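Residue-level structural notes
The chain contents come next:
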Amino acid sequence: MALLLVALAALGALGGLAVAIAPWLFSPTAALTAVTTQVNDATGLYLAARSGPRLSLTPRPHLVMNGVVFADHNKALVVEADELRGNLRVLPLLAGRLEIDSLTLTRPRAQVDLDQNRVDAPGAAARAAATQPGSAAAQKADEFKLGLINIVDGALRLRRNGADYSADRISATLDWRKVGEHALLTSAFDWRGERLQLVLWVARPGIFLRGDPSVVTARLDGESLRLEAQGVGQTGANPRYSGRVAGTAASAREALDLFGADVALPGPFGDAEFEAQATFGPRDAAFRDLRIHVDGNVFEGELSVRDEDGRPYVSAALRSDFVALKPLLADAPALVGPDSQWSQKPLDPPDIAGADLDLTISARHARLGRLTLDNASMAAALRDGALSLSLIEAQAYRGRLKARGSFSLAGGALVMHASAQTSGVDARALLSDAFGKEALGGALESTLTLDARGETVADMVRSLSGRAALTLSDGEITGVDFDRALRRFEKRPLASAQDIRSGSSPVAKASATLRIEDGIAALEDGAASGPGFSLTFTGTANLAERSLAIKAAAREADQTGKPRDKGLQIAFDLGGAWDELKIAPDPQAFIRRSGAAAPLLPEAPESAR
C-alpha cells in the first residue's frame, strides 16, 4: 500500500509538471522569451539562439538550447556557446513560471574587447552596485535570486590596452544563489602554457559591489606557483584589498612570466617563498612585514609597486642576517673563455628597460665566493634601462669597502663605469680570498675608477680606461727578501740572486699609481720601503693579453727604509703571464759584483766607461 501511494504521488507530481510545462511545450517562443528575460535580468546580457528551448522532465525538469549567443549592449563582450542547459526550479514551474536554478554552458567562447568599448551589462550585480548602502533598494537588490553557473571546455580572448590575453580549456563553477549571499568561484584553465586552478570566495558580494568592505579569499595553484590571499576587499570609487598574502614558486622568474611581468631578475630566483601584509589598489601595491626566501637567502622588509604613466616602479628596503651573492651572478657572462683568455662570446644583456627599480639591502654578513663582508649596505637602481649597483659601505678584512658600477646599452655595446675604494683593508686576507694568492700583506688604501665599452668581454677589456692609486702600510711582500739580498750582495753577489727570490720583505710603506688607457695600465711612481731596503718600480700591465712587465730596483737602506748614500742596488724584472709571473734579477749586475765571474763579461766599450 505504501509503495502504491508513493507511485501515485509520483505520477501525480509528474502529471502536474506535465500540465505546468504544457504551455511552454506548445509555445517555444514564449519559452525563449522567458529564458532570455531571466538571463537578461540576471546578467544584463542579451541572448539569442539558433533554435528555441527544448524542455524535458527527466531526470529533472530542464531545458536545452543549441547555438546560443550572449552579448552586452555595446558588444564589447560576446559569448558563443554550443549548448545551454538550464535546470528549472520545480515549485515556480508548478505555479506556471519558468525559472532557471542552474545553468551549464558547453564550449563557450568569450570575446572581450575593452579597447573598442566598455562592457555595458546592467544585470543584477550592476543594479546592486548602483544602490545606496543600507537603503531599501539595496536590500531588495540583495534578495535577487541567481543560481549556479557551470562552464565546460570554455575559451576566453581578451584585448586590453593593445595587448591580447587568452585562456583555454576553461572549466568553472560559480555558486552565487542571491546577490547578497556569499559567492564561490572555482575554476581551472590553461594560461600561457600552464594549467592553473583558481578559487575565489566573497563573503558579502552585495556590499562589496557597493564599495563597502567584505571578506575576500583567493587561491591560485599551478605547477610553477601557488598564491593565496585572505583579507578584506572593496570596489567603488576607491577599490582596495588589504590582507595577508603568501606564495611559493619553483622559479620567481617563470612565475612572473605567467602574469606578463617581464622583469630582468639577476640569478635563478629559485625556490621562492614570500608572505606579507599587503594592500592592493588599481595602480599600486604595498607589502609590509614582508618575508622572502629565495635562492637560499632570507630577507625581511618592505616593498611597493606602483604604476607611473604605464611604467612599473618598484621600491624595496630589505634586510638579512646573511646573503649569498653568488646566485645573483649566476647569469653573468663568463669572463674567460676555454683558451684561458678573455671571452670573445658576444654579451647578451637582458632587457631591463621595462621597469624602474630602487632596492636597498642591509646584511649583517654577505659572501661572494670566498669574499666575506660584514654590516654591508647594498643598493640597486634601474632607470630607463640603465642599471646601477652599489656597495654603499661594508666592513671587510679589518677595513672598509665601497664600490659602484653602472651599466647601460648604446649602439649594441655594453657601457660600464665602475669605481671602488678600500680603507684599512688587510691586503693579504683580501688577495687570498679573492685570487688565492698572498703576495702582499698590510693595510691597503686604494681608489679605482674604470670605464669600458664593448660587445664582448675581450672588447671591454681592450677599451678599458681609468686610474688607480694604491697605498700599503705596515705590511709585507712575500716571495722576495730585499734586505737579505742587499746585505749579501757585496760578499756573495751570485748567491744573492737566489736570495731575492725567497723569503719575505717587511714593508713600512708602499704606493703606486696606475693610468689605464685602451687596456694598457702604466705603472707610475711605484715605491716601497722597509727595514734595510728602498724599492722603486715602473712598468706596464697589458690587461688584454693578461701579462705584466715591471722593472724594479732595490737599494740598500737603513732600518727606517731611508736609502743609504752610495748604497748597493739590485735591479730585477717582474713579468710574464698573470698566472705565471717570474722574478728575474739583472744578471750582469750580479756578475759584475762577483770577482770570479766578472772577467766572463765582455769589456764595456770605451765610450761607456
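Residues numbered from 1 in each chain as written. Predicted model: local features only at pLDDT ≥ 70, side-chain atom pairs only at ≥ 80, totals over all residues. Heavy atoms only, no water.

1. Concerning the overall build of the chain
Applicable threshold: Helix numbering and strand numbering both begin at the N terminus, where a helix is a DSSP run of H or I of at least 4 residues and a strand a DSSP run of E of at least 2. Whether a residue is buried, partly exposed or exposed follows from its accessible area with a 1.4 Å probe, protein chains only, as a fraction of its type maximum: under 20%, in between, or over 50%, in that order. In what follows, residue pairs with any heavy atoms lying within 4.5 Å of each other are defined as contacts. Per-residue and other accessible areas follow the Shrake-Rupley method at a 1.4 Å probe size, with only the shown protein chains counted as cover for residues.
From N to C terminus, the chain includes twelve helices and 30 strands. The buried share of the chain, taken over its 609 residues, is 37%. A separation threshold of at least 6 residues defines the contact pool for the chain, and within that pool the share at least 24 residues apart is 49%. Accessible surface for the chain amounts to roughly 33200 Å². Of this, 56% is attributable to carbon and sulfur atoms.

2. Side note on the side chain of D190
Note the following rule: Counting of polar contacts relies on pairs of N or O atoms within 3.5 Å, with two restrictions inside protein: one atom must be capable of donating a hydrogen and the other of accepting it, and residues adjacent in sequence are counted only when both atoms are side-chain atoms.
Relative to the helices and strands, D190 resides in strand β9 (residues 183–191). Residue classification places D190 among the buried residues on the basis of a relative accessible area of 19%. Only 2.6 Å separates the side chain of D190 from the side chain of R169, close enough to count as a polar contact. At 3.0 Å, the side chain of D190 and the side chain of R195 are in polar contact. With residues near it in sequence (within four places) discarded, D190 still touches S166, A167, D168, R169 and R195.

3. Looking at the packing of aromatic side chains
Formally: In this scheme Phe, Tyr and Trp rings, the latter by its six-membered ring, pair at centre separations within 6.5 Å, and the angle between planes marks the pair as stacked below 30 degrees, edge-to-face above 60, and tilted otherwise.
In total, this model carries three aromatic pairs according to the counting rule given. Consider the rings of Y241 and F280, whose centres lie 6.4 Å apart with planes at 45°: the pair is tilted. A residue pair is termed long-range when its members are at least 10 positions apart, and Y241 in strand β13 (residues 240–251) and F280 in strand β14 (residues 270–280) qualify at 39 residues. Given a relative accessible area of 14%, Y241 falls into the buried group. Assessed through its relative accessible area of 30%, F280 is described here as partly exposed.

4. A few points about the pairing of strand β23 (residues 440–454)
What counts is decided by this rule: The criterion for strand pairing is that DSSP finds at least two bridges linking the strands in question.
Taken together, the eleven bridges between strand β22 (residues 413–426) and β23 define a ladder with antiparallel strand orientation. Residue pairing in the sheet places A420 in a bridge with L448 of β23. The pairing of β23 with strand β24 (residues 465–478) spans eleven bridges and is classified as antiparallel. Paired with E445 across the two strands is T471, which belongs to β24.

5. Concerning unusual backbone geometry
Phi is positive for N161, which is not a glycine, with a value near 55°. Note that N161 resides in the loop between β7 (145–160) and β8 (163–178). Of note in the backbone geometry, D518 takes a positive phi value of approximately 55° without being a glycine. Owing to a relative accessible area of 53%, D518 belongs among the exposed residues under this scheme.

6. Remarks on the nonpolar core
Applicable threshold: Only buried residues count toward a nonpolar core. Its members are Ala, Val, Leu, Ile, Met, Phe, Trp, Tyr and Cys residues joined through side-chain atoms within 4.5 Å.
Judged by nonpolar contacts, the single largest core of 68 residues is most densely connected at L373, L464, F482 and L535. Non-local contacts of L373, meaning those with residues more than four positions away in its chain, are made with R364, H365, A366, L391, A394, Q395, A396 and L401. With 23 residues, the next largest nonpolar core counts A34, L47, L98 and L103 among its residues.

7. Re the pattern of salt bridges
For clarity, the cut-off: Salt bridges are defined by distance alone: a side-chain nitrogen of Lys or Arg within 4 Å of a carboxyl oxygen of Asp or Glu.
Across all of its chains, the model carries 31 salt bridges by this definition. Between D142 and R210 there is a salt bridge whose closest N-O contact spans 2.7 Å. Of this pair, D142 sits in helix α5 (residues 136–142) while R210 sits in the loop between α6 (205–209) and β11 (214–221), and the two are 68 residues apart along the sequence. Judged by its relative accessible area of 15%, D142 is buried.

8. Comments concerning a nonpolar patch on the surface
For the record, the criterion: Excluding any residue in a salt bridge, patches collect residues exceeding 30% relative accessible area, merging like charges within 9 Å and nonpolar Val, Leu, Ile, Met, Phe, Trp and Tyr side chains within 5 Å.
Taken together, the side chains of L184, W201, V215 and V232 present a nonpolar region at the surface, about 280 Å² in accessible area. Relative to the assigned elements, W201 resides in strand β10 (residues 194–202).

9. Considerations on the environment of K566
Along the polypeptide, K566 turns up in the loop between β28 (547–556) and β29 (569–577). K566 sits ten residues away from E556 along the chain, and the two C-alpha atoms are 8.7 Å apart.

10. Notes on the environment of P133
Here P133 shows up in the loop between α4 (124–129) and α5. P133 gets classed as partly exposed once you look at its relative accessible area, which sits at 43%. Sequence separation between P133 and D212 is 79 residues; the distance between their C-alpha atoms is 7.9 Å. If we ignore the near neighbours within four places in the chain, the residues touching P133 are R210 and D212.

11. Some words on the confidence of the model for the chain
What counts is decided by this rule: Predictor confidence is given residue by residue as pLDDT, running from a minimum of 0 to a maximum of 100.
Of all residues in the chain, 87% have pLDDT values of 70 or greater, and the mean over the chain is 85. This stretch, residues 4–20, has a pLDDT under 50; its non-local contacts, to residues over four places away or in other chains, come to ten contacts. When the criterion is pLDDT under 50, residues 593–602 qualifies, and its contacts beyond four places in sequence or with other chains add up to 13 contacts.

12. Regarding the pairing of β28
Where strand β27 (residues 533–542) lies against β28, ten bridges are found, and the strand directions are antiparallel. Residue pairing in the sheet places T538 in a bridge with K551 of β28. Between β27 and β28, which pair antiparallel in sequence order, lie four residues; one of them, R546, sits at a positive phi of approximately 55°. Bridging between β28 and β29 involves nine bridges; their strand directions are antiparallel. Across the sheet, A549 pairs through a bridge with G575, a residue of β29.

13. As for helix α8 (residues 427–435)
The set of residues buried in α8 consists of A427, L430, S432 and D433. Buried-residue contacts for α8 involve β19 (371–383), β22, β23 and β24. Capping the start of α8, D426 holds a side-chain oxygen 3.1 Å from the backbone nitrogen of R428, two or three residues further along. Phi turns positive, to about 75°, at G436, one or two residues after α8.

14. A look at the environment of S340
Its place among the elements puts S340 in the loop between β17 (311–324) and β18 (356–368). In this structure, the C-alpha to C-alpha distance between S340 and R546, residues 206 residues apart in sequence, is 9.7 Å.

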